[in-house]
Amino acid sequence: MDDTTIAGLISWRDFYGPNLGYAIELYERYLSDPNSVDAATKKFFEQWEAPPVQQEYQQLDMGTADKQRIAISENEVTRIVAAQRLARNIREYGHLEARINPLVEQPAAVALLKLSTYQLTENNLDAIPAQSIWPDAPKEIRTAREAIIRLRQVYTGTLAYEFGHVHNMEERARLMRMVESGAIFHSRSPEEQRKTLKRLIQVEEFETFLHRTFVGQKRFSIEGVDILVPMLDKLVQAAVEAGAKHVMIGMAHRGRLNVLAHVLGKPYAAIFSEFHTAPNKELVPSEGSMGINYGWTGDVKYHLGASKTMHEGKTVQARVKLANNPSHLEFVNPVVEGFARAAQDDRSAKGYPRQNQDKAIAVLIHGDAAFPGEGIVAETLNLSSLEGFHTGGTLHIIANNQIGFTAEKHESRSTRYASDLAKGFEIPIVHVSADDPEACLAAIELAHAYRNTFHKDFLIDLVGYRKWGHNEMDDPNMTQPQLYAKITSHPSVRTIYAQTLEKSGVLTAEELTQIEQEIRERLRTAYNQMTAEGKAHDLQSKDSQSPQTLPSTAVPIASLQQINESLLEYPADFTVYPKLDRVLQKRRAAFAEGGKIDWALAETLAFATILADGTAIRLAGQDTERGTFGHRHVVLHDAKTGDRFVPLQRLAQAQATFAVHNSPLTEAAVIGFEYGYSIEAPDTLVLWEAQFGDFANAGQVLFDQFLSSGNAKWLEQSGLVLLLPHGYEGQGPEHSSARLERFLQLSAENNWRVVNLTRAAQYFHLLRLQAASLQHAVRPLVIMTPKSLLRNVRAASSPSEFAEGSFQTVLDEPLTATHKEAVERLVLCTGKIAIELAATLETAPPVSDRLAIVRVEQLYPFPGQELQQVLKRYPHLREVVWLQEEPQNMGAWAYMQPRIRALLKDGAILRYLGRPERSSPAEGIADAHEMTQKRMIRETLEFSHSNHSNLTIAGRESW
Ligand SMILES: Cc1ncc(C[n+]2csc(CCOP(=O)(O)OP(=O)(O)O)c2C)c(N)n1
Ligand SMILES: [Mg+2]
C-alpha cells in the first residue's frame, strides 16, 4: 500500500477524545518545526492535510464519550502510528502468510506481520480504538487488538489479496471495502453448496473414469485444480446474468477435457470416442489415398475448441466459446482477445465501430510456468488498455499446479508469484487455495464484480497441485519425489468439501453416495452409447475446396473519381498540415488526363469501395495510420488542435465501419488479436501490417500454428490479410526481407494466398477480391508489399486499370518478347526486381528479341495454368531463368524450382539468377547492395550463355 492510502484510510476524524487533543498538539508542534516530533510521527503528518478548524474540532469532539483533554504521551501516538503501520502491512502483505497453498498446512510467520516488529503488545492494542486503525471496522470490533485479529483473518486466509499496485484510489478502496466488509464471503445456500460439491464429484469422477478406461492415454487431468470447473460455471452464470452474450475462453491442455465436458457441454460420449479413435473418421484420408486433398488433418483431442449456446426458451441468450488451441502455450491469448473485441464491436453503420464492452468477456486460463515464461503473455496484457485492442477487462486465472512439466518454480521464474507480471499493469490479483471451494467462488465473484464495474482485467492465482505427472504416462516421482509423496497422500478437494458439508449437516453420507452413483452411472451409460453419440458430435467439414466464381472487382471510373474527391474534402474547421495537403492534393490529379494512381491511393480506393459494398474494415499495425513510409495518411491530424480526422469514416457511400489503429510495438500478440478478430467477424476485412516485413517473424508462431494451419487442424477459417513490406533496397539485413520463403514453405492445401505485387491496380483488385470472398471459402492473404515502389511511377496504374479487368496472377513485361518466335530465354521474376528490370529496359539499348520477361504476381496457389500458357507462346524457348533478389536459399526459388520444372518441355533448362546462398538475407553495406542489383540486371539482360557466377543451371542433378 502506498502512502496515499494512509491518508485515504486514516483522517483527523479517526481521532477523538484525548487522542484528538494530543494529536492536534503534536500537529501544531510539527507545523512550527517538523523535526520537533519523532520521525514516524513526522512521516505520518506529512501524509495529512491540515486538521479541521477549531470549531470543527469541537463538533467532532462533542459526540465523543470523553470530552476531557487528557495529555497523553508521545509514546502513545507512536503506538497508534505503529498499530496503523501493522494494519497497513497486514492489508498489503497478508498474502505472504496466507494459507493459499494446499500443500503447506501453516505458512511460516512473516516478521512484517508480527506485533513484536512494531514494539506492540496486545495490551497496547487494547488501549487503541479500532477506528484509529480501521475507520470502517464492523461495529462489533471495538479495539485495535480485535481489529488486527480480524484483519489477519481477512488477509491471511485461504483467499489472499494483492491490491497495493492498483494506483487508482477508487478502485483500490472499492476492492478493499468488498474484502474487509466481508461482502465477498457471504454465506452460501445449502443448494449452492450441494451444487458445487456435485460438480466437483463430476469433475473427479470424469477423470477417474478416463484414467481407468483409457489406460496410459494422455488426458492432462485437471485433478489438483478441480475447482476450476465450478469457478467457470459461476463466471459464465455471472457474466450472462450481467448481460454478456459471449463468453470467450482460452486455455491450454491442462483440464481442458474436463472443461469441454462440463463447461462447454461436450457430450461424454464424444470425448470417449476421441480416445477410441479419430473423431470424424470419414474425413481422415485412408491408406492409399495419399494425394487426395481433404483440406483437413485434424488435431489432438485436448486442443479442440467448442462452442455452446445458452437458451432462454427458444432465444439464444448467450454463447460460450472455447478457442481452438495449439500446443504453443499462451499464444491463444491474443486470439481470444480478438474474438471478444470482434463480438463487442458493432460494425453495421459507417464511422468507427461502436464497442459494447458488456457484450462479451474474455477469460484466459494460464499455466503457472507459462504465464511468467512466455513473452506473448506480457504482449497481450499490454493490449488491455489500448483503444484499438481493449476488451473491457479480461478475467485471468492461473491454474497454478506449482510445476511446469518437471520444472519447479525456482527454475521457472524470477518472481515470487507466478502472477507478478500482472502487477505492472495494475491488475488486481488474488491468490486462492484450490482446496477451499467457497473461497474460490468468492474470488470469481470479486473478479466479475470488479470487471463489471471498472472494465479492467483481474487475475486469480488458483493455487493447487498436479495430481499426476505432466501427463498420465509421466512418473513425477522421478524428479519430484518429496512433492509427490505429499500429493499422493493429499485428499482431493471433493473429499475435503464433502466432509465439510457433511459436518455442517448440508448433506448426509447416504445422499453423497447416491450422487456419486448417479454420476458414475451417467459416465458408464455414455461410454456404452459412445459410438452413436460421438458421431453426432463430429466436426463438419466446411468443404474447403468448394469451387467459387470470381466476383468482379472493377469499379467504374466515375465512382472512383467521386469517392476520391469526397475523401479529399475536410470539414470547414479542419486545418490540414500544408505539407500533407500537398501530398493529398496530388491525389486529385490522379484522375486527370495521363494521371496515375499510386499504391497508397489504390489502397484507399479499394478500402472506400469495399466500405461502399457494405464490408467493414479493420487495419492495424505499427505506424499504420500514417504508414511507415509516410504514404498512407488514412488518419489526418488537425494542424492546430491535433484532432483526428478519418475521411474513410465520413465517406457518404460507406455502409460499414472503418477502424484503423497504430498498434503497440508488438508483432505476435497483435497478429494473434487480428487473427481472432477475423475469425469472429467474418464479415470484416481485417488487415495486419508489419512495419517492415522483416519483423513479422517475431510473430512466427501465429503464422505456423494459426494462419497457415488453422483450417487443416480445426476448420478455422480466417480471411486475415498480412501486409509485409518486402524488397531489397540496400537498407540492410533487417529491412529487406519478409521471408517469402517461409510463407511458401507453409503453403499447401489451398491454405492461403501468397502474392508479391508490382502494380497498384493489382493491389486494388486483390483487396476487393479478398473482401468479396470473405463469406465463402475465405483464406488468409499474404502480400509482400512495396517500399520504394510506393513512390515509383512504374508501379502506379492508370485509372482505366481499376475500371476494367481483375487481379492477374501473372503479368507480361510489355517491352520484351515482341517476336514470340524469336524468344529463347524466358525470365520469370516477382516483386520489385521486375520494376528495376522495367526501368532498365526503358533506358537501355534495344534488348535482344530473344528475351521475354514475365512477372509472377501470385506465388501460391501456384499459377501453373497461366504459366503453361506463357510457355506455350514461345515455341523456341531454350531456357527459363528464375530471377530473384533474395539469396538462393531464400525467396521463392526453392518453391518455384520443381514447379517450373514440371512445366518445362524436354530440352529447355531452368536457371537460377540471384544472390548466392547466404546466412543473412541482405547486405549491410549499401554499395555492395547496389553492385549486386546491377549485376543481376546485367546478367538478366546480357544474352550470352557464358558461365556467370550466380547464373546457375538448376538441372535435375543439382537438386
Ligand atoms: C511455447 C511452448 N513451449 C513448450 C511447450 C511444452 N510444454 C507443454 S506443457 C509444459 C509445461 C507447462 O507448465 P505450466 O504452464 O505450469 O502448465 P501445466 O502443464 O503445469 O498445467 C511445457 C513446457 C509448449 N507446449 N509450448
Ligand atoms: Mg503448472
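Here the residue numbers are simple positions, counted from 1 along each chain's written sequence. To read the labels, note that chains go from A and ligands from 1, taken in the order they are written. Given that the model is predicted, a residue must reach a pLDDT of at least 70 before its local features are reported, and side-chain atom pairs must reach 80 or more before they are shown or counted; all residues, however, enter totals for whole chains, interfaces and linings. Water and hydrogen atoms play no part in the side-chain values, which are based on all heavy atoms of the structure.

Quick word on the sheet that holds strand β3 (residues 306-312)
Our working rule: A pair of strands is labelled paired if DSSP reports no fewer than 2 bridges between them. By definition, any uninterrupted DSSP run of H or I lasting at least four residues is a helix, any uninterrupted run of E lasting at least two residues is a strand, and each is numbered from the N terminus. Here the axes come from fitting lines to C-alpha atoms, over the contacting stretch only for helices, and the angles between their N-to-C directions go from 0 to 180 degrees. Residue contacts are defined here by distance: any two heavy atoms, one from each residue, within 4.5 Å place the two residues in contact.
With respect to topology, eight strands assemble into an open sheet ordered β1-β9-β10-β8-β7-β2-β4-β3, the strand pairing being mixed. On the outer flanks of this sheet lie β1 (159-162) and β3, each paired with one strand and no other. Averaged over all adjacent pairs, the angle separating strand axes in this sheet is 20°, with direction ignored. Set on the sheet, helix α14 (residues 332-344) makes contact with β2 (246-250), β4 (315-322) and β7 (360-367); between it and β7 the angle comes to about 170°.

Brief notes about the pairing of strand β17 (residues 753-756)
The cut-off we apply is this: Looking down the strands as they point away from you, a crossover is right-handed if its path from the first strand over the helix to the second goes clockwise.
Where β17 meets strand β18 (residues 781-785), four bridges bridge the pair, whose relative direction is parallel. If you follow V755 over to β18, its bridge partner there is I783. This β-α-β element, β17 to helix α31 (residues 760-772) to β18, shows right-handed connectivity. Judged from the two bridges that link them, β17 and strand β22 (residues 858-860) form a sheet pairing that is antiparallel. Each bridged residue has a counterpart across the sheet, and for V754 the counterpart in β22 is Y860.

Thoughts on the coordination of the magnesium ion (ligand 2)
Which entries qualify depends on this criterion: A 2.8 Å cut-off from the metal defines N, O and S donors, relaxed to 3.2 Å for Na, K and Ca; water is not in the atom list, so some sites may appear incomplete. Summary of the burial criterion: residues with accessible area below 20% of their type's maximum are buried, those above 50% are exposed, and those between are partly exposed, where the area comes from a 1.4 Å probe applied to protein chains only.
Protein-derived ligands of the magnesium ion (ligand 2) are D368 (OD), N401 (OD1) and I403 (O), with the metal-ligand distances lying across 2.0 Å. Positions of the donor residues of the magnesium ion (ligand 2), expressed as sequence spacing, correspond to D-x32-N-x1-I. Separated by 35 residues along the polypeptide, D368 in the loop between β7 and α15 (370-373) and I403 in the loop between β8 (395-400) and α17 (409-412) bring together distant segments of the chain. Since its relative accessible area comes to 4%, D368 is described here as buried. Accessibility expressed as a relative area gives 4% for I403, which makes it buried.

As for the confidence of the model for the protein
Stated formally: Confidence of the prediction at every residue is given by pLDDT, a number between 0 and 100.
The predicted model of the protein has a mean per-residue pLDDT of 90, with 88% of residues at 70 or higher. Confidence over residues 52-71 falls short of pLDDT 50; this stretch has 20 contacts with residues more than four positions distant or in other chains. Across residues 534-547, confidence stays below pLDDT 50; counting only partners more than four residues off in sequence or on other chains, it has 27 contacts.

Some details on the side chain of N258
For N258, the location among the structural elements is in helix α12 (residues 256-262). By relative accessible area, N258 is classed as buried at 0%. For N258, the contacting residues outside a window of four places in its chain are V203, F206, E207, I222, V229 and V263.

A word on the sheet that holds strand β16 (residues 721-725)
Overall, mixed pairing links the seven strands, which are arranged β14-β11-β15-β16-β18-β17-β22 in an open sheet. Every interior strand has two partners, whereas the edge strands, β14 (658-662) and β22, have only one. Taking the axes of each pair of neighbouring strands and ignoring which way they run, one obtains an average angle of 20° across the sheet. One ladder, built from six bridges, connects strand β11 (residues 616-621) with strand β15 (residues 684-689); its direction is parallel. Note on β15: the bridge partner recorded for A616 is T684. Sitting on the sheet, α31 touches β15, β16, β17 and β18, and the angle it makes with β18 is about 165°.

Some points on the nonpolar core
Where we set the bar: Take the buried residues of types Ala, Val, Leu, Ile, Met, Phe, Trp, Tyr and Cys, join any two whose side-chain atoms come within 4.5 Å, and each joined set is a nonpolar core. Bear in mind that the domain bounds are from an automatic or database domain assignment.
In terms of nonpolar packing, the biggest core is built from 102 residues, with F272, I460 and L462 touching the most fellow members. With nine residues, helix α18 (residues 437-454) is the largest single contributor of residues to this core. When we break this core down by domain, the ones giving at least three residues each are domain 1 (3-155) and domain 2 (196-345 + 358-533). What F272 contacts, discounting residues up to four positions off in sequence, is F206, F209, L210, F214, L523, A526, Y527 and M530.

What to know about the site of ligand 1
The line we're drawing: Whether a residue is near a molecule or strand depends on its heavy atoms: it is near if one of them lies within 4 Å of it. Here a polar contact is taken to be a pair of N or O atoms separated by no more than 3.5 Å, where protein atoms must pair a possible hydrogen donor with a possible acceptor and residues adjacent in sequence count only if both atoms sit in side chains. What sets the accessible areas is the Shrake-Rupley method with a 1.4 Å probe; for residues, cover comes only from the shown protein chains.
Close to ligand 1 lie 15 residues; R254, S327, D368, N401 and I403 are nearest. Here H253 contributes a side-chain N or O atom positioned 3.0 Å from an oxygen atom of ligand 1. A370 places a main-chain nitrogen or oxygen 2.9 Å from an oxygen atom of ligand 1. When ligand 1 is considered free in solution it has 580 Å² of accessible area, and contact with the protein chains removes 75% of it.

Let's talk about the pattern of salt bridges
Heads up, the rule is: The term salt bridge refers to a side-chain nitrogen of Lys or Arg lying within 4 Å of a carboxyl oxygen of Asp or Glu.
What the rule picks out here adds up to 50 salt bridges. Between R319 and E680 there is a salt bridge whose closest N-O contact spans 2.4 Å. Within this pair, whereas R319 is found in strand β4, its partner E680 is found in helix α27 (residues 668-680), the two being separated by 361 residues in sequence. Looking at E680, the relative accessible area reads 15%, which means it is buried. Here D613 makes a salt bridge to R768, at a shortest N to O gap of 3.2 Å. Within this pair, whereas D613 is found in the loop between α25 (599-612) and β11, its partner R768 is found in helix α31, the two being separated by 155 residues in sequence. Residue classification places R768 among the buried positions, given a relative accessible area of 9%.

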